[in-house]
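Fold and geometry: a report
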Amino acid sequence: MKVDRITNLVSLLIYFLSIAQVAKRTILSNTLEYSPWSYSELIISYPGLFTRRGFVGELITLIDSDLILFDTVNIFLFINFITFILLSFTHIKISKLTPLQHLLYLVSIFGILNISIFNQYYHRKEMFVLNLFMLILLIIKINTKTKITFITTVTFSILMILIHEGIAMIAIAFIVLILKKKSYFSAYMLKTYSIIILLSFVGVIVSAGNDTASNLIWSNLSEFDRSLISIETNAITAIGWSLFDSFFKTTQVLIFSGSMFLWSFYFAIFIWTFLAIFKIEPNRLNLRFSTVKEFLLKEKYFIVIPILFIVGFDWGRWIFSLFHLSFFSFLILNNQINKNKTWSFAIGAFILVSLLTIMPECCLQMEGTTVSSNYYRVLKSIQLTLQSTFN
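Residues numbered from 1 in each chain as written. Predicted model: local features only at pLDDT ≥ 70, side-chain atom pairs only at ≥ 80, totals over all residues. Heavy atoms only, no water.

1. Comments concerning the overall build of the protein chain
This is how the line gets drawn: Numbered from the N terminus, helices here are DSSP runs of H or I no shorter than four residues, and strands are runs of E no shorter than two. To get the radius of gyration, use the C-alpha atoms; to get the globule rule, take the number of residues to the power 0.38 and multiply by 2.2 Å. Here the term buried applies to any residue with accessible area under 20% of the maximum for its type, exposed to any over 50%, and partly exposed to those in between, with areas from a 1.4 Å probe on protein chains only. Only heavy atoms matter for contacts: two residues are in contact if any of them lie within 4.5 Å across the pair. Per-residue and other accessible areas were derived by the Shrake-Rupley procedure at a 1.4 Å probe size, with only the shown protein chains allowed to occlude residues. Under the counting rule used here, the positive set is Lys and Arg, the negative set is Asp and Glu, and His together with the chain ends is not counted. One atom stands in for each charge, and that atom is NZ of Lys, CZ of Arg, CG of Asp or CD of Glu.
Counting secondary structure elements, the protein chain contains 19 helices and zero strands. Relative to its length of 391 residues, the protein chain is compact, with a C-alpha radius of gyration of 21 Å against a globular reference of 21 Å. Once the C-alpha set of the protein chain is aligned to its principal axes, its extents read approximately 65 × 60 × 45 Å. Looking at the protein chain as a whole, 51% of its 391 residues are labelled buried. For the protein chain, the proportion of contacts with a sequence separation of at least 24, taken over those separated by at least 6, is 80%. When the accessible surface of the protein chain is split by element, carbon and sulfur atoms take 68% of a total near 19,200 Å². Averaged over its 30 positive side-chain charges, the protein chain has a centre that lies 17 Å from the centre of its 20 negative ones.

2. Re the environment of isoleucine 79
With respect to the helices, strands and loops of the structure, isoleucine 79 is situated in helix 4 (residues 70-94). Given the relative accessible area of 48%, isoleucine 79 is considered partly exposed. The spatial distance from the C-alpha of isoleucine 79 to the C-alpha of alanine 23 is 9.6 Å, given a sequence separation of 56 residues.

3. Comments concerning helix 11 (residues 211-220)
For clarity, the threshold we go by: Of all possible arcs, the one meant is that of the directions from the helix axis to the C-beta atoms.
Listed as buried for helix 11 are Ala213, Ser214 and Ile217. Taken end-on, helix 11 shows its buried residues confined to a sector of 100°, consistent with a single buried face. Helix 11 presents Asp211, Thr212 and Asn215 as exposed residues on the side facing more than 90 degrees away from its buried surface.

4. Notes on a nonpolar patch on the surface
Basically, it comes down to this: Patches in this entry comprise residues that are over 30% relatively accessible and not in a salt bridge; like charges within 9 Å are linked, as are nonpolar side chains (Val, Leu, Ile, Met, Phe, Trp, Tyr) within 5 Å. When a carboxyl oxygen of Asp or Glu is within 4 Å of a side-chain nitrogen of Lys or Arg, the pair counts as a salt bridge.
A cluster of nonpolar side chains, Leu9, Leu12, Leu13 and Phe16, forms an exposed patch at the surface whose accessible area comes to about 410 Å². Among the secondary structure elements, leucine 9 is positioned in helix 1 (residues 2-25). For leucine 9, a relative accessible area of 47% puts it in the partly exposed group.

5. Details of the pattern of salt bridges
Following the criterion strictly, the structure yields nine salt bridges and no others. Salt-bridge contacts for glutamate 165 lead to arginine 52; the nearest nitrogen and oxygen are separated by 2.7 Å. In this pair, glutamate 165 sits in helix 9 (residues 165-181) while arginine 52 sits in the loop between helix 2 (36-42) and helix 3 (55-63), placing the two residues 113 residues apart along the sequence. Considered together, glutamate 165 and arginine 52 belong to a single accessibility category, that of buried residues. When the shortest N-O distance is used, the salt bridge between glutamate 165 and arginine 53 registers 2.9 Å. On the criterion of sequence distance, the pair formed by glutamate 165 in helix 9 and arginine 53 in the loop between helix 2 and helix 3 is long-range, its members being 112 residues apart.

6. Points about the nonpolar core
Rules: Throughout this description, the term nonpolar core refers to a set of buried Ala, Val, Leu, Ile, Met, Phe, Trp, Tyr and Cys residues connected via side-chain atoms within 4.5 Å.
Judged by nonpolar contacts, the single largest core of 120 residues is most densely connected at Tyr39, Phe133 and Phe327. Setting aside chain neighbours within four positions, we find phenylalanine 327 in contact with Ile92, Leu97, Tyr105, Phe274, Ile277 and Phe278.

7. Some remarks on the packing of helix 1 against helix 4
Counted only if it meets this: With axes taken as lines fitted to C-alpha atoms, and helix axes fitted only over the stretch in contact, angles between N-to-C directions fall between 0 and 180 degrees. Comment on the angle field: the value is read as roughly parallel under 35 degrees, roughly antiparallel over 145, roughly perpendicular from 65 to 115, and oblique elsewhere. By convention the crossing between two helices is left-handed if the near helix lies anticlockwise of the far one by an angle smaller than a right angle, and right-handed if it lies clockwise.
In the contact formed by helix 1 and helix 4, the axes pass within 9 Å of each other and the chain directions differ by 165°. Between helix 1 and helix 4, the angle falls in the class roughly antiparallel. Every pair of crossing elements has a handedness; the one defined by helix 1 and helix 4 is right-handed. Contacts between helix 1 and helix 4 involve Tyr15, Ser18, Ile19, Val22, Ala23 and Arg25 from the first element and Asn74, Phe78, Phe81, Ile82, Ile85 and Phe89 from the second.

8. Side note on the side chain of serine 40
Examined against the element boundaries, serine 40 turns out to sit in helix 2. Other than its neighbours up to four places away in sequence, serine 40 contacts Ile229, Asn234, Ala235 and Ile236.

9. So, the packing of aromatic side chains
Keep this limit in mind: Any two of the Phe, Tyr and Trp rings considered here, Trp counted by its six-membered ring, make a pair once their centres fall within 6.5 Å; the pair's planes then place it as stacked at under 30 degrees, edge-to-face at over 60, or tilted in between.
A full pass over the atoms with the stated rule returns 28 aromatic pairs. Seen in terms of ring centroids, tyrosine 105 and phenylalanine 327 are 4.6 Å apart; in terms of plane orientation they differ by 15°. Their pairing is stacked. Taken together, the residues span a long stretch of sequence, with tyrosine 105 in helix 5 (residues 99-107) and phenylalanine 327 in helix 17 (residues 315-333) at a distance of 222 residues. Phenylalanine 327 shares its class with tyrosine 105; the two are buried. Their ring planes at 70° and their centres at 5.2 Å tell us that phenylalanine 309 and tryptophan 315 sit as a pair that is edge-to-face.

Structure (structure tokens):
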């Protein structure tokens, strides 16, 4: 159909635009164009001792050749973003979503258009965890050999924990749910998997880090890398935070911020995005307390999610990760997905709201003209590129 071809073309343009935006801010940039906190989190490594969240930073340090990590970090981010695009595209195509559903995913506040234009998430560690999650789902879906599935699932799950134990907690809850649905994955294997993962979490918690590790990491950085981290409290200084410290920050930054209940808007957008993409009737959505309670009692791994919201103030990151984990889990767990093929006023309203809404990473900002200024920047960049091409 002609409409489908146009929709596919728009999706293709979004992919090119998103890749160009991320490339401009990473491999084509000589300055730090994303959050200093993200940068400090990415370069946490193992300074002679095991430290939580140090796996990505350790890889960057090992591969880097000139002791200045900035360029290597940006290469990692760009490759990881491309990997995210390829894996998400593969899952969408395997699940045979319609061109309209594909487009709705891309333009949603959780899609690559939003995160690339508004400079969000592609530089966060959850993107690495989500890629490992999608790889696990892909292996579960296409592989028939149980041992290979078990080994890769365990390996990638441990890597998730080493990258970011908070996001890994949520991801592993979904992995367990999916494995339970697979008849070839025995109860014994699931129990073995759970024990290995629990021991991995314990190891990370015991080696959470302290001021000594933080100082070692900081002192090992080049002067240039240190100069890029322009905030006094950063991910490196925070690696020794206890659960009490995290809860205190949640209380200070979120609960008493005056905007905690505004997050309900983003939970509503989360639900609306699912309803719009998968053409689910609202009256079929059962979110009563009794239903949620029954689910949590049956799938106890998911209890970590409300706990994470209590002890961690990065609610935007949790919601963003939850959406993608739910989205790709829904694709693999449902053989019969409603095919949303028809444009409508509701679809138009959803796209408009998505284009005018930013999915925050951490805290709500309510000043400036972030939406309009970023769209203007992108359009101006396209104009200059076209002028230089045809002149």
